[in-house]
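# Summary of the model geometry
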Amino acid sequence: MQKSVPLDLRGMQVFKELLTPEEQKLMVSALRDVVREAPLFHPITPMGKRMSVRMTSAGRFGWITDAKGYRYSPTHPDGQAWPAMPEIVTKVWSEVSGATRAPESCLINFYDAEAKMGLHQDRDEQDFSQPVVSISLGDEALFRVGNETRGGKTESLWLSSGDVVVMGGASRLLYHGIDRVKPGSSGLLPKGGRINVTLRVVS
Ligand code: SIN
Ligand code: MN
């Protein structure tokens, strides 16, 4: 990890290529171990819509959604506790978050060529003084950031493999999402696609 001065995107800090190609490979391998224990699943929103990303988690809590709503759960939908959070992931949190607490949740989202994520706020956590740290791996993705309420002007930035975004302080509750992924823009994942890892303090 070579920490350089981050870009500012409406108060979010964007560390371009924080992770070296070697670190990215190691992280993918650690995430594959997690997925082997806690398989990716297609989440269904409370409105009954299937999200286009597939997801799983590591750590004390995982984020899930189903007919009962959006929430953190100590168990995978299959009933088992989530696997431990990989150390290589918590190291990124220590390096960039500036947080006083350790992350309790590591959400892993997999985007295929068609997947996207609508504009939303991260607000299922208890303590908004703790940041969200987001790691991008694999194909590039167009990240859009808006405001604290729906609507208004937005700004976009392509996130590439190894980039890390810290959403903290005044940017913690900004609307954000992924418009699209650029297939074939990275060779990190043999079958293509993008992984986004988000680390959060939940309780
Ligand atoms: C998210 O906000 O949950 C995902 C952001 C990303 O995929 O970069
Ligand atoms: Mn989010």
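For the structure given in this document, a descriptive report is provided here. Since this is a predicted model, take the numbers as computed values, not measurements. (Residues numbered from 1 in each chain as written. Chains lettered and ligands numbered in written order. Predicted model: local features only at pLDDT ≥ 70, side-chain atom pairs only at ≥ 80, totals over all residues. Heavy atoms only, no water.)

In the case of a regular strand, side chains alternate between the two sheet surfaces. Examined bridge by bridge, strand 7 (residues 117-120) and strand 12 (residues 176-182) share two bridges and lie antiparallel to one another. Bridging across to strand 12, methionine 117 finds its partner in isoleucine 178. Pairing of strand 9 (residues 140-145) with strand 12 involves six bridges; the strand directions are antiparallel. Pairing of alanine 141 across the sheet is with valine 181, part of strand 12. (Pairing = 2+ DSSP bridges. Helix = DSSP H or I, 4+ residues; strand = E, 2+ residues; numbered from the N terminus.)

As a further point, take the packing of helix 1 (residues 21-37) against helix 2 (residues 87-96). Here helix 1 crosses helix 2 at 125 degrees, and the two axes come no closer than 9 Å. Here helix 2 runs oblique to helix 1, going by the angle between their axes. Residues Glu23, Leu26, Met27, Ala30 and Leu31 of helix 1 lie in contact with helix 2, whose contacting residues are Ile88, Val89 and Val92. Classifying every residue of the contact of helix 1 with helix 2 by side-chain character gives seven nonpolar, no polar and one charged. (Axes fitted to C-alpha atoms, helices over the stretch in contact; angles between N-to-C directions. Parallel < 35°, antiparallel > 145°, perpendicular 65-115°, else oblique. Contact = heavy atoms within 4.5 Å. Nonpolar A, V, L, I, M, F, W, Y, C, P; charged D, E, K, R; others polar.)

Near ligand 1 you find Tyr111, Met117, His120, Ser134, His176, Ile178, Arg194 and Asn196, and these make up its full shell. Within the contact set of ligand 1, an oxygen atom lies 2.9 Å away from a side-chain nitrogen or oxygen of histidine 176. Between ligand 1 and arginine 194 there is a distance of 2.9 Å, counted from an oxygen atom to a side-chain nitrogen or oxygen. For ligand 1, the accessible surface in isolation is 260 Å², of which the surrounding protein chains cover 98%. At the level of secondary structure, the elements contributing two or more residues to the shell around ligand 1 comprise strand 7, strand 12 and strand 13 (194-200). Taken together, the residues that form the shell around ligand 1 break down as three nonpolar, four polar and one charged. (Near = heavy atom within 4 Å. Polar contact = N/O pair within 3.5 Å; in protein donor to acceptor, adjacent residues only side chain to side chain. Areas by Shrake-Rupley, 256 points an atom, 1.4 Å probe, with all protein chains shown as cover.)

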